[in-house]
Structures are given as structure tokens and as C-alpha cells.
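Overview (structure and organization)
Listed below are the residues making up each chain.
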Amino acid sequence: MARDFAIARLPRIEFGAGVRHRLPALAAGFGRRVLLVTGSRSLLQGPFWPELEAGFAAQGLDVIGHRISGEPSPEGIDAAVQRYRGRNVSVVVAIGGGSALDAGKAIAGLLLPGNTVLDHLEGVGPERPYRGPALPFIAAPTTAGTGSEATKNAVLSTHGSGAYKKSFRDERLVPEHAVVDPDFLATCAPGVIAGNGMDALTQLLESYLSLRANPFCDALALDGMAHARDSLLALYRDPGNATARAGMAYASLLSGITLAQTGLGSVHGLAAPLGAFFPIPHGVACGTLVAAATAVNIRALSERDPGHPALARYAVVGRLLTGRDSLDDGDARAALVERLEAWTGLLDLPTLDRFGITAGDHPRIVANSRGSSMKTNPIVLQDAEVAAILEARQAAADAG
Ligand SMILES: [Zn+2]
């Protein structure tokens with residue numbers, strides 16, 4: 001019997017090779033002036049821009065460009081809002097990785113109200129309710145990915161003392177259109193494919209294991225993981241593989257849809273302080289930890305709550321990702337951890353020491369890992385268990 005559930009708003013979705021050509025017409029549906037947000041990996045100098053620019057011109061659109069470098073910060077969002085307020089922007093279009101999409105989403109949310117994003121950031125400042133209105137927002141991811149094109153939150157980071165990584169979250173921030181064109185992945189560097197791909201896989205896995213999992217998202221998460229299984233390594237080895245590009249773009253889109261509904265788990269709980277305190281990209285943080293976090297979760301559940309339904313779910317994922325349908329539950333869980341460890345190695349995901357993280361930093365990371373993601377982890381982990389996840393990936397040399 002299906003359990004009760006609710007599904008929050010989704011964007012309209014255009015998916016497939018070449019759908020980027022629909023972007024200008026979709027933007028024109030909201031008015032004449034477009035604020036185009038792009039990232040530092042420059043779309044504007046790459047092979048896709050000339051056609052897009054011609055398309056915007058053909059629609060008679062007036063495009064104001066805004067480039068962001070690195071991950072978006074509250075100050076950067078506020079500065080952009082002040083700069084483009086009063087310029088009669090009718091629609092915000094973001095084309096890029098998770099950083100460009102999150103920046104565009106936050107700017108679209110605040111361009112009309114005009115207040116600082118600090119008013120609304122979770123766990124920071126006054127946490128005033130957001131009342132909108134938001135400008136229409138169109139998201140076109142060029143990586144696979146964060147799934148930001150399907151979510152209602154923009155993740156913003158600060159660095160230095162008191163660093164944090166927190167969300168501006170509201171259903172009104174969900175894009176009007178998600179334009180997911182796998183062709184964009186052809187220009188991704190292998191390291192970006194590896195980190196982002198493991199992020200998408202982690203988001204699907206954590207959605208499926210979330211305490212707020214529901215049957216609608218379960219179906220999407222399992223299908224997304226099957227596509228990641230078949231596509232991630234193939235795409236890493238050859239970004240020219242169109243089937244693999246489509247598979248990972250699809251898996252990433254599904255991961256955004258499911259995480260927005262179900263929440264995540266311990267990997268994302270740790271990724272927030274790691275990304276705030278150290279220069280580690282979000283996807284790399286998730287990718288390097290997911291095997292260890294899965295092993296720790298399974299061990300904690302087996303020891304303290306052996307009847308917990310999450311244990312059977314881990315076995316389902318183990319059979320799915322290995323393709324070995326005849327494994328019993330215990331063997332399937334072991335095979336899941338082995339498979340994730342193998343991918344971590346094959347994708348050359350770096351250990352934590354490569355980002356200046358030392359074992360002495362672990363207590364501070366653990367202490368800041370109990371944000372919203374950790375609350376939907378299938379079991380409440382003890383501090384020593386959270387630390388064990390970090391220790392497993394502190395330095396490869398220590399492990400052998
Ligand atoms: Zn993520």
C-alpha cells in the first residue's frame with residue numbers, strides 16, 4: 001500500500017540534446033529584458049554561446065550579462081540585487097553549474113523585494129519569512145550535477161572566521177523552466193564530471209534512504225541511480241559519449257527533484273561545513289565521503305536498530321548498482337559499499353588532506369554537521385561515527 005505523501009512544486013522541464021535552442025523563446029515568454037547569470041567557467045567563450053546569443057537577438061531580447069566567480073556569497077547576491085534593481089528585468093536566466101544556478105535563483109528571488117538575502121538564510125540572522133514576489137527564473141545546467149534546476153533552494157557560502165554554507169529556501173524560488181541539455185556536458189572537465197556525478201548519485205541515494213522518503217521519489221531515485229550506474233564512468237572516460245551525457249543529465253535532474261521533496265543525509269550534512277571551512281568543491285566532498293558514510297550508516301543501523309527498513313533499502317541499492325539480483329540482503333549491502341569504494345577510486349576522487357584538511361579539523365567539522373541534511377539521515381549518528389566517515393577519507397596513504 002502506498003504511503004501518504006505530498007509533492008511540492010516542480011519546474012516545467014525541457015530535457016534532451018538540443019533543447020538549449022528553446023531557451024530564448026522561453027525567456028521571451030516573460031518579457032523583453034533578460035538578466036543572464038553565468039559562471040566563471042565561461043559559457044561566453046565556449047562553443048555554445050554564439051548560437052544562444054543569436055537566439056536571444058532573434059527574439060528581440062535585451063540581455064544584461066552577470067558573471068559570478070566561485071560559489072555565490074550573500075554579499076555577492078546583495079550586490080547584484082542592488083546593481084540590477086530598477087532595470088526592469090523581466091526574467092532571470094542562469095546557464096552554468098550549481099553556483100551559477102543558485103546565484104540566479106537567489107537574485108531572481110530578491111530583485112523585486114530588494115532586501116538583503118541575510119534576512120532569509122537558514123540558521124543565519126533573523127530568518128524572516130520570504131514573501132516574494134520572485135521574478136521568473138529559468139535554469140539551464142551545464143554540469144550534472146547538483147540538480148539545482150529542480151530545487152527551491154539557493155546555497156550561499158561565506159569563508160574566513162564564522163564561515164558557513166546555508167540555504168535561502170522557498171517554494172517561490174523553484175525555476176519556471178528547467179532546460180536540461182546533455183550537450184552542455186561535452187565541455188566539462190573530467191574532474192568536474194567525477195565530483196558532480198558522485199554528487200548526483202549521493203543525492204539519489206540519500207533521497208531513497210531519507211526518513212522522509214516517499215513512494216513517488218523512490219521510483220525516481222531508483223531510476224536515477226540505474227542511469228548513474230550505466231553512465232557515470234563512461235562519461236568520465238569520454239565526454240563525447242552522447243548516451244552517457246544524457247544518462248547523467250537525467251540522473252542529476254532526478255536527484256534535484258527527489259532531494260527537494262525528501263531531504264538528504266549524513267554526506268550532505270558533512271559537505272556543508274567542509275565546503276564552508278575548506279576550498280573543497282561540493283561534488284568532491286560528497287563523492288569522496290559517500291562510500292564511507294554508507295558503510296557507517298549500515299553499521300550503525302545493524303548495531304542499534306537491526307529491524308530498521310533502511311537496511312533493506314541499502315540492499316535494494318546494492319543489487320541495483322552491482323546488477324547482481326541474487327545477492328541476499330547482507331551481501332548486497334557489502335557489495336554496495338564495495339561498489340561505491342571502487343567508483344571513488346576509478347573517478348580519482350581526492351582525499352580530504354588534498355584540501356588542507358587535517359585530522360585536527362575533524363571535531364570542528366563534526367560539530368557543524370548537524371544541519372538540515374543530517375536530520376533526515378536514516379539513523380542519528382554519534383559524533384564518533386560522523387568522525388569515522390572523515391577519518392576513512394582523510395588520507396589514502398593512512399588507509400593502506
Ligand atoms: Zn549535493
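Our structure's up above, just so we're on the same page.
Since this is a predicted model, take the numbers as computed values, not measurements.

Thresholds applied
Residues numbered from 1 in each chain as written. Predicted model: local features only at pLDDT ≥ 70, side-chain atom pairs only at ≥ 80, totals over all residues. Heavy atoms only, no water. Helix = DSSP H or I, 4+ residues; strand = E, 2+ residues; numbered from the N terminus. Rg over C-alpha atoms; globule rule 2.2 N^0.38 Å. Buried < 20%, exposed > 50% of the residue type's maximum accessible area, 1.4 Å probe, protein only. Contact = heavy atoms within 4.5 Å. Areas by Shrake-Rupley, 256 points an atom, 1.4 Å probe, with all protein chains shown as cover. Lys, Arg positive; Asp, Glu negative; His and termini not counted. Charge placed at Lys NZ, Arg CZ, Asp CG, Glu CD. Pairing = 2+ DSSP bridges. Axes fitted to C-alpha atoms, helices over the stretch in contact; angles between N-to-C directions.

**Brief notes about the overall build of the chain**
When you go through the chain residue by residue, the secondary structure sums to 14 helices and eight strands. Here the C-alpha radius of gyration of the chain, 20 Å, is about what a compact globule of 400 residues would show, namely 21 Å. The dimensions of the chain, computed from C-alpha atoms along their principal axes, are 60 × 45 × 45 Å. Taking all 400 residues of the chain together, 58% fall into the buried category. Taking all contacts inside the chain whose residues are at least 6 apart in sequence as the whole, residues at least 24 apart take part in 80%. Element-wise, carbon and sulfur atoms account for 52% of the exposed surface of the chain, whose accessible area totals about 15,600 Å². Side chains of the chain give 36 positive and 39 negative charges; the mean places of these two sets differ by 5 Å.

**Section: the sheet that holds strand 4 (residues 91-96)**
Spatial strand order, 1-8-5-4-2-3: six strands in an open sheet with parallel pairing. Two strands lie at the open edges of the sheet, namely strand 1 (12-15) and strand 3 (62-67), each paired on one side alone. Pairwise comparison of adjacent strand axes, ignoring direction, gives a mean angle of 20 degrees for this sheet. Sheet analysis places strand 1 next to strand 8 (residues 177-180), joined by four bridges and oriented parallel. Note that in strand 8 the partner of R12 across the bridge is H177. Sitting on the sheet, helix 3 (residues 74-84) touches strand 2 (33-38) and strand 3, and the angle it makes with strand 3 is about 155 degrees. Sitting on the sheet, helix 4 (residues 98-110) touches strand 2, strand 3, strand 4 and strand 5 (137-141), and the angle it makes with strand 4 is about 170 degrees.

**Considering unusual backbone geometry**
Here the bond from G132 into P133 is cis, since omega is -5 degrees, no more than 30 degrees from zero. Within the element layout of this structure, P133 appears in the loop between helix 4 and strand 5. Even without glycine at this site, N88 takes up a positive phi of about 55 degrees. Looking at the secondary structure, you find N88 in the loop between helix 3 and strand 4. By relative accessible area, N88 is classed as exposed at 65%. Although it is not a glycine, D348 adopts a positive phi angle of roughly 55 degrees. The residue D348 is located in the loop between helix 11 (329-346) and helix 12 (362-367) in this model. Residue D348 is classed as exposed on the basis of its relative accessible area, which comes to 55%.

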